[in-house]
Amino acid sequence: MSFLAVLFALLLEQAHPLSHGNVVHSGLREWFAWLRHSLDAGQRRHGVLVWSLAVALPAALTAAIHWLLWSYSVFLTFAWAVLVLYLTLGFRQFSHHFTEIRGALDRGEELQAREALAHWRRVPVEDISSGQELLREVMSYSILAVHRHVLGVLVVFVVFWVLGLGPAGAVLFRLADYVSSACRRSVLQLPPPGFTAVEVQGGVCDVARQVWGWINHWPARCSAMAFAIVGNFEEAVAAWRAPHAPGQDANHAVVLAAAAGALNVQLGDVTALDSTTCRPPEMAHLTSLVGLVWRSVVLWMLFLALLTLANVLG
């Protein structure tokens, strides 16, 4: 059932992609903003409470609904899994940004490409570089988006499904990622009266970063392994094992390094790759990146199909 649920969700998302301001996603964003404004006073216990209500509670409710439906109807259980995956998993939640940027670069409209990337990253256009650095940023951000919206979600979904928790893993992963990213972008509600922004930063944001690092540890390495298997394996593993720049998110650094090695392209601060085979980013690498991503998804779908088949035969 898990394989079919993922397949149906991906097909449904391709046929009818979610709008950016859909009711579910907007409601969750408002829920988190309200929790932080009302409950986060900057202390760790407040951060744990806010994170639990914003992330753990929706995941637990997802698992509870799965158990309830499982005891009542297999069809409803399947429909619930497809719905949850449709809301949490898929390319169309970010691929339109990549398509717009790629189209602008194909037309030679670099400024429009920079504006599109700035809109995607929610940063001023002045922060976006040009030339090869623009291509490097586009590829890096796209690779992380694939991990955060597709490959990582699949990993946690499968683990939780095997544990009997249904699609709760997909909810946990996506919400944990959202809360951590929202703190990092500093696009949250104003701090409660009587507290400064620095004081509030020490609450849910510290908890969110730490817990997201735990949750994302193995999914990031699974995504890296998928890139290595379907790409240049030796270069991917060499880049993966190379030291990375201090201050980087360790999990994201692993994903980017493996993808860079798999494509033989220079991304980030990885220096272990052979300079004779690892090239600066070019327009052709955008096409190679699309192929790498699709091969990685097919690899995971084959693994999930084999897992489902083994469960049926067992």
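Note that the coordinates shown come from a computational prediction; the quantities given were computed from them, not determined experimentally.

Asks: What is the right way to read the overall build of the chain from this model?
Replies: When its secondary structure is counted, the chain shows 13 helices and 0 strands. Counting from the amino terminus, the chain carries its helices and strands in the arrangement α-α-α-α-α-α-α-α-α-α-α-α-α. Out of the 314 residues belonging to the chain, those deemed buried represent 50%. On the chain, roughly 15100 Å² of surface is accessible, and the fraction owed to carbon and sulfur atoms is 65%.

Asks: How should I be thinking about the layout of surface pockets in this particular structure?
Replies: Leftover empty space is mapped by rolling, across the atoms, a probe with the size of a water molecule. Considering only enclosed or pocket space, the largest pocket measures out at about 1000 Å³ in volume. In this structure, the largest pocket is lined by 36 residues; those nearest its centre are His25, Arg29, Leu87, Gln93 and Arg174. Put simply, the parts of the chain that give the lining of the largest pocket at least two residues each are helix H2 (23-39), helix H3 (44-70), helix H4 (74-88), helix H5 (95-106), helix H6 (110-121), helix H7 (132-162) and helix H8 (168-185). When residues in the lining of the largest pocket are grouped by element, the largest group, 6 residues, is from H8. Of the residues belonging to the lining of the largest pocket, the class tally is 18 nonpolar, 12 polar and 6 charged.

Asks: So what exactly am I meant to see when it comes to the packing of H3 against H4 here?
Replies: The description of two packed helices rests on the angle between their axes and on the distance between the axes. Here H3 crosses H4 at 155 degrees, and the two axes come no closer than 8 Å. For the element pair H3 / H4, the angle class is roughly antiparallel. Across the interface between the two elements, Thr62, Ile65, His66, Leu69 and Trp70 from H3 touch Leu76, Thr77, Trp80 and Val84 from H4. Partitioned by chemical class, the residues of the contact of H3 with H4 number 6 nonpolar, 3 polar and no charged.

Calculation notes
Residues numbered from 1 in each chain as written. Predicted model: local features only at pLDDT ≥ 70, side-chain atom pairs only at ≥ 80, totals over all residues. Heavy atoms only, no water. Helix = DSSP H or I, 4+ residues; strand = E, 2+ residues; numbered from the N terminus. Buried < 20%, exposed > 50% of the residue type's maximum accessible area, 1.4 Å probe, protein only. Areas by Shrake-Rupley, 256 points an atom, 1.4 Å probe, with all protein chains shown as cover. 1 Å grid on protein atoms, 1.4 Å probe; cavity = no way out; pocket = protein on both sides within 12 Å on 5 of 7 lines; lining within 4 Å. Points joined across faces, edges and corners; volume = space filled by probe spheres on them. Nonpolar A, V, L, I, M, F, W, Y, C, P; charged D, E, K, R; others polar. Axes fitted to C-alpha atoms, helices over the stretch in contact; angles between N-to-C directions. Parallel < 35°, antiparallel > 145°, perpendicular 65-115°, else oblique. Contact = heavy atoms within 4.5 Å.

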